[in-house]
Amino acid sequence: LWLGGLMMAGRFIVIEGPDGTGKTTQAKRLADALAAGGQDVIQVREPGGCPSAERIRVLLVEGEPGDLLNWTEALLMNAARHELVERVIRPALAAGQWVICDRYYHSTLAYQGGGLGLDQSKLEALIDMATGGLEPDLLLAFALTPEDALTRAREREDEEKRFEAREDSYHARVRHAYADVLKAAAERGATAEIDASGSVENVGERVQQAVVDQFQDAF
């Protein structure tokens, strides 16, 4: 967007990682820090992030693990993603805003691809339809020991337990798939691995440093 002869550049930052790594907490901290530094920033999540996608989210995250067929789950994920990308993310970036997104298509490749064993090429075609090829300017990949991550996720007090309730072998497949997904993402664009252990403040400092390393004008 050109304004007064200057190009207003929006930035798209995605935070990824298995359940329980603290992504949601750190997404809010990062959005608040960017706003305090003078950036026009919005925070969204997947699935969700706009009214239509939030309605789809309820179907995906509540209830029992077996209440949706595997491809139904993947289709709903990408339906919610399409709503978010087209209604919120693209307009925000075009307006010069920074967008912080808690999860993106990498989660589908890990959870529905790795976890459920769905065909990767078909998932990638769905993702391309949903996103129109929109890639993050920076991917923050959160890493935590499997035991700590799953313990944190299962201790949360909310109704969104559908994924956490799946068997340990499913979560092991998801973690294994994430390694491949994030390696591939690093070949496509800027990626930073974030050690998600330790205090909220320490993790937040690591996140901010990674953002500054990529965007010197962030704060």
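Residues numbered from 1 in each chain as written. Predicted model: local features only at pLDDT ≥ 70, side-chain atom pairs only at ≥ 80, totals over all residues. Heavy atoms only, no water.

S.K.: Is there a simple way to explain unusual backbone geometry in this structure?
M.R.: The step from Glu-46 to Pro-47 runs through a cis peptide bond, and the omega angle for that step is -15°. Along the chain, Pro-47 turns up in the loop between strand 4 (41-45) and helix 2 (51-61). Its identity as a non-glycine residue notwithstanding, Arg-103 has a phi of 85°, on the positive side. Taking the relative accessible area as the measure of exposure, Arg-103 reaches 11% and is therefore buried. (Helix = DSSP H or I, 4+ residues; strand = E, 2+ residues; numbered from the N terminus. Buried < 20%, exposed > 50% of the residue type's maximum accessible area, 1.4 Å probe, protein only.)

S.K.: Is there a simple way to explain the packing of helix 3 (residues 70-94) against helix 5 (residues 120-131) in this structure?
M.R.: Between helix 3 and helix 5, whose axes approach to 8 Å, the crossing angle comes to 25°. Our classification of the angle between helix 3 and helix 5 gives roughly parallel. The two elements helix 3 and helix 5 meet at a crossing, and its hand is right-handed. Within the contact between the two elements, helix 3 uses Trp-71, Ala-74, Leu-75, Asn-78, Arg-81, His-82, Val-85 and Arg-90 and helix 5 uses Lys-122, Leu-123, Leu-126, Ile-127, Met-129, Ala-130 and Thr-131. Each residue belonging to the contact of helix 3 with helix 5 can be placed in one class, and the counts come to 9 nonpolar, 3 polar and 3 charged. (Axes fitted to C-alpha atoms, helices over the stretch in contact; angles between N-to-C directions. Parallel < 35°, antiparallel > 145°, perpendicular 65-115°, else oblique. Left-handed = near helix turned anticlockwise from the far one by under 90°. Contact = heavy atoms within 4.5 Å. Nonpolar A, V, L, I, M, F, W, Y, C, P; charged D, E, K, R; others polar.)

S.K.: When you look at helix 4 (residues 105-115) in this model, what are you seeing that I'm missing?
M.R.: A turn of α-helix holds 3.6 residues, and therefore any two residues three or four places apart point the same way. Of all 11 residues that make up helix 4, 10 are buried, and the element is covered over most of its length. Regarding helix 4, the residues found buried are Tyr-105, His-106, Ser-107, Thr-108, Leu-109, Ala-110, Tyr-111, Gln-112, Gly-113 and Gly-115. Looking at the buried residues of helix 4, the elements they touch are strand 3 (11-16), helix 3, helix 5, strand 6 (138-143) and helix 7 (168-188).

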